[in-house]
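Structural features, examined
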Amino acid sequence: MRPFLIVGQGLAGSLLAYQLLKRGCDVQVVDPEQGNASQVAAGLINPVTGKYLTLGDKTPHYLAKARHTYAQLSALLGADLCRPLPFIRLLPDEASYQKAVKRQKNPSYQPYLSDLQRYPHAGNFIGQIEQIGAAQLNTRAFLKRFRHHLQTKGCYAQQTLAYEDITLSPLTWRGQPFQAIIFCEGHRVRNNPWFGYLPLHPAKGEILTLKLTLADAALRHFGHWLLPEGSERTRLGATFMPRSLDLNPSSAARQQLLTSLSRVNEHWANAPVLEQQAQIRPGSHDRQPYLGAHPQHPRLWLFNGLGAKGSLQAPLLSEQMADALLQGEPIPSVVALSRCDRVNRP
């Protein structure tokens, strides 16, 4: 079988390469190593999300596959890449508290919610609830170690792919034939001549690293999140700015994050800022990833649009993508590229 070419070595590209290699396929991965959203992302895996504490229908399946896959990758790459994460969600008002009460009584939610507390004194938050089953993927360590794994197999190239080097009939890149080319380019897919037609909604996100030691290892979610990462280092994130698509850290984002944190603890918000990172998240029109073959060029594929739930969803989606590539299995309709058929194509 001719090899598969994967363009991009973020979370999507890496996990798809892993799935194809595990099935005995020849894979070539090309990546410019100019940074991607996966390298900056906190890697949060959280079953219950959003303002309304929502548990998606497929979340238990996503969670089980994520735990299994990251355990396999930890063994393969010789590092503990995914750790359980104590998770505390702060409740700002009576409506959010009553929503937590309602969710906690729902049998479907009980495996994921615990220890609902109401604070004795009024303040910016009236209570908190502990969420169960959360974890954190060390995305930077995973991508670095998996890149080395690919290099040892001779199937990784650090370079920017030029679209004009691709021919469609026969399918080649720089004269080398491929079974399929899968674009996992993140926000750069906006410039892709075959997939740039999609209704993309990329957004800039920024994260601060503070010189701050917390008494426990729990993540605190309060609209933004605060995540301890070892001695004297705590990450604070993340902003969401859809109209700003540059990679320059901004004073506005810094102030937004610190002001949000001051509502939790004024002293924490005064901690020195050690680092500020910015990256562009890929996004879709309906907040679901894009998976599938181009409607006119069936050997060109896309695996893109992983958002805030990427670390949770990518293991199962990459397996489904590999099954579609190798066995013709259908992509689930909620993430299938075909849901965008109404969009005008070139």
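Here the residue numbers are simple positions, counted from 1 along each chain's written sequence. Given that the model is predicted, a residue must reach a pLDDT of at least 70 before its local features are reported, and side-chain atom pairs must reach 80 or more before they are shown or counted; all residues, however, enter totals for whole chains, interfaces and linings. Each side-chain value is worked out from all heavy atoms of the structure, with water and hydrogens disregarded.

**Observations concerning the packing of aromatic side chains**
Two aromatic rings are characterised by how far apart their centres lie and by the angle between their planes. Condition: The pairing test for Phe, Tyr and Trp rings, Trp by its six-membered ring, is centres within 6.5 Å, and the orientation test on the planes gives stacked under 30 degrees, edge-to-face over 60, and tilted for anything in between. For helices the rule is a DSSP run of H or I covering at least 4 residues; for strands it is a run of E covering at least 2, with both sets numbered from the N terminus onward. Only protein chains enter the accessibility calculation, which uses a 1.4 Å probe. A residue is then buried if its area is under 20% of the maximum for its type, exposed if over 50%, and partly exposed in between. Sitting over a ring, as applied to charges here, requires NZ of Lys or CZ of Arg to be within 6 Å of the ring centre and within 35 degrees of the ring normal.
Applying the stated rule across the entire model yields five aromatic pairs. With 6.2 Å between their ring centres and 55° between their planes, tyrosine 163 and phenylalanine 183 make a pair best called tilted. Linking tyrosine 163 in the loop between β11 (156-158) and β12 (166-168) with phenylalanine 183 in strand β15 (residues 180-183), this pair joins segments that are 20 residues apart in sequence. Here tyrosine 163 and phenylalanine 183 have matching classes, each one buried. When the ring of tyrosine 163 is compared with that of tryptophan 194, the centres are 6.2 Å apart and the planes differ by 85°; the resulting orientation is edge-to-face. A residue pair is termed long-range when its members are at least 10 positions apart, and tyrosine 163 in the loop between β11 and β12 and tryptophan 194 in the loop between β15 and β16 (203-210) qualify at 31 residues. Of the two residues examined, tyrosine 163 and tryptophan 194, each falls in the buried class. Pairwise contacts between aromatic rings join Tyr163, Phe183, Trp194 and Phe195 into one cluster. Above the face of the tyrosine 97 ring, arginine 118 is positioned so that its terminal group lies 4.6 Å from the ring centre.

**A look at the environment of glutamate 232**
The criterion, for reference: The contact rule is simple, with two residues in contact once any of their heavy atoms fall within 4.5 Å.
Along the chain, the position of glutamate 232 falls in the loop between β18 (225-228) and β19 (234-237). Taking the C-alpha atoms as reference points, glutamate 232 and threonine 213, 19 residues apart in sequence, are found 4.4 Å from one another. In this structure glutamate 232 touches Leu210, Lys211, Leu212, Thr213 and Leu274, once residues within four positions along its chain are discounted.

**Looking at helix α8 (residues 310-327)**
Note the threshold: Each residue after the first adds 1.5 Å to the expected span of a helix. The reported bend at a residue is simply the angle between two axes, fitted to the 7 residues ending at it and to the 7 residues beginning with it.
Along its 18 residues, α8 runs 24 Å from first to last C-alpha, staying within 8% of the 26 Å computed at 1.5 Å per residue. At leucine 316, α8 shows its largest kink, close to 25°. The positive-phi residue at the C-terminal boundary of α8 is glycine 328, with phi of around 70°.

**Thoughts on helix α3 (residues 59-77)**
Turn by turn, an α-helix covers 3.6 residues, leaving residues three or four places apart pointing in a common direction. The criterion, for reference: Each C-beta atom gives one direction from the helix axis, and the arc is the one those directions make.
Helix length check: α3 (19 residues) gives 26 Å between terminal C-alpha atoms against 27 Å at 1.5 Å per residue, within 8%. If you check which residues of α3 are buried, you get Thr59, Tyr62, Leu63, Lys65, Ala66, Thr69, Tyr70, Leu73, Ser74 and Leu77. Looking straight down α3, one finds that the buried residues subtend no more than 165° of arc, so they occupy a single side. Projecting away from the buried face of α3 at angles above 90 degrees are the exposed residues His61, Arg67 and Ala75. One or two residues past the end of α3 sits glycine 78, with phi positive at roughly 70°.

**Overview of the nonpolar core**
The tendency in soluble globular proteins is for nonpolar side chains to be buried as a group. The criterion, for reference: Nonpolar cores are built from buried Ala, Val, Leu, Ile, Met, Phe, Trp, Tyr and Cys residues. Side-chain atoms within 4.5 Å join them into one set.
The biggest cluster of nonpolar side chains holds 59 residues, and the ones touching the most others in it are Leu16, Phe142, Ile182 and Phe303. Sort the elements by how many residues they give to this core and α8 lands first, with eight residues. When sequence neighbours within four positions are dropped, the list of residues in contact with isoleucine 182 reads Phe4, Leu5, Ile6, Val7, Leu16, Trp301, Leu302, Phe303, Met321 and Leu325.

**Considerations on the sheet that holds strand β8 (residues 113-118)**
How we decide: When DSSP finds at least two bridges between two strands, those strands are taken to pair. To get an axis, fit a line to the C-alpha atoms, keeping to the stretch in contact for a helix; angles then go from 0 to 180 degrees between the N-to-C directions.
Reading across the sheet, the eight strands line up as β8-β9-β7-β17-β18-β19-β16-β20 and stay open at both edges, with mixed pairing between neighbours. The outermost strands of the open sheet, each flanked by one partner alone, are β8 and β20 (273-281). Between one strand axis and the next, the sheet turns by 20° as a mean value, whatever way the strands run. Bridge count between strand β7 (residues 87-91) and strand β9 (residues 127-131): five bridges; the pairing is antiparallel. Opposite leucine 91, over in β9, you have glycine 127 as the bridge partner. Helix-sheet contacts for helix α6 (residues 251-262) involve β16, β18, β19 and β20, and the interaxial angle to β16 is about 60°.

**Brief notes about the pattern of salt bridges**
In plain terms, the rule: Whenever a carboxyl oxygen of Asp or Glu lies within 4 Å of a side-chain nitrogen of Lys or Arg, that contact is scored as a salt bridge.
Evaluated as defined, the whole model comprises 10 salt bridges. A salt bridge links glutamate 229 to arginine 235; the nearest nitrogen and oxygen atoms lie 3.8 Å apart. For arginine 233, the salt bridge is made with glutamate 275, and the minimal N-O distance between the two is 3.8 Å. You can see arginine 233 sitting in the loop between β18 and β19 and its partner glutamate 275 sitting in strand β20, a full 42 residues away along the chain.

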